[in-house]
Amino acid sequence: MTYYQSFSSRGPWWVRLLAVMVSMVLLVGLFFFAIFAVIAVAILAGSGMLFLWWQRRKMRKGMHTDIVVTDYREIRRPRSPFDDPHR
């Protein structure tokens with residue numbers, strides 16, 4: 001009959017304690033990294049959306065300044081009576 005050893009009987013108590021502590025530190029570090037990554041992505045997305053909003057706002061304001069309204073005078077060249085196309 002074969003007996004399998006469990007994790008608790010593989011080594012001294014301090015090795016098991018060290019393994020549990022290292023795994024807990026890695027797990028907590030993973031959670032902090034994930035939270036930091038989510039916050040960084042949210043900040044980048046927010047700044048990108050703010051930039052796009054600012055550019056659209058600037059373009060909407062600029063559309064009204066391109067129209068020039070002024071008085072003008074039409075200048076025609078004098079025609080000779082022989083250039084009449086209806087003759």
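Below is a short write-up of the structure. (Residues numbered from 1 in each chain as written. Predicted model: local features only at pLDDT ≥ 70, side-chain atom pairs only at ≥ 80, totals over all residues. Heavy atoms only, no water.)

Taken together, the side chains of Trp-13, Trp-14, Val-15, Leu-17, Leu-18, Met-21, Val-22 and Leu-26 define a hydrophobic patch exposed on the protein surface, amounting to about 870 Å² of accessible area. Relative to the assigned elements, Met-21 resides in helix 1 (residues 13-63). (Patch = residues over 30% accessible without salt bridge, like charges linked within 9 Å, V, L, I, M, F, W, Y side chains within 5 Å. Areas by Shrake-Rupley, 256 points an atom, 1.4 Å probe, with all protein chains shown as cover. Salt bridge = Lys/Arg side-chain N within 4 Å of Asp/Glu carboxyl O. Helix = DSSP H or I, 4+ residues; strand = E, 2+ residues; numbered from the N terminus.)

Two measures describe an aromatic ring pair: the distance that separates the ring centres and the angle between the ring planes. In total, this model carries 1 aromatic pair according to the counting rule given. Judged by centre distance (6.0 Å) and plane angle (55°), the ring pair of Trp-53 and Trp-54 falls under tilted. (Phe/Tyr/Trp six-rings, centres within 6.5 Å; stacked < 30°, edge-to-face > 60°.)

Our next topic: the pattern of salt bridges. In the structure shown here, the tally under the stated rule is 1 salt bridge. Across the salt bridge formed by Arg-76 and Glu-74, the nearest N and O atoms sit 3.1 Å from each other. By the burial criterion, Arg-76 is exposed, and Glu-74 matches it. (Buried < 20%, exposed > 50% of the residue type's maximum accessible area, 1.4 Å probe, protein only.)

Right, let's talk about the environment of Ser-47 for a bit. Residue position: Ser-47 is located in helix 1. At a separation of 2.9 Å, a polar atom in the side chain of Ser-47 contacts the main-chain carbonyl oxygen of Leu-44. (Polar contact = N/O pair within 3.5 Å; in protein donor to acceptor, adjacent residues only side chain to side chain.)

Honestly, it's all geometry; don't read function into it.
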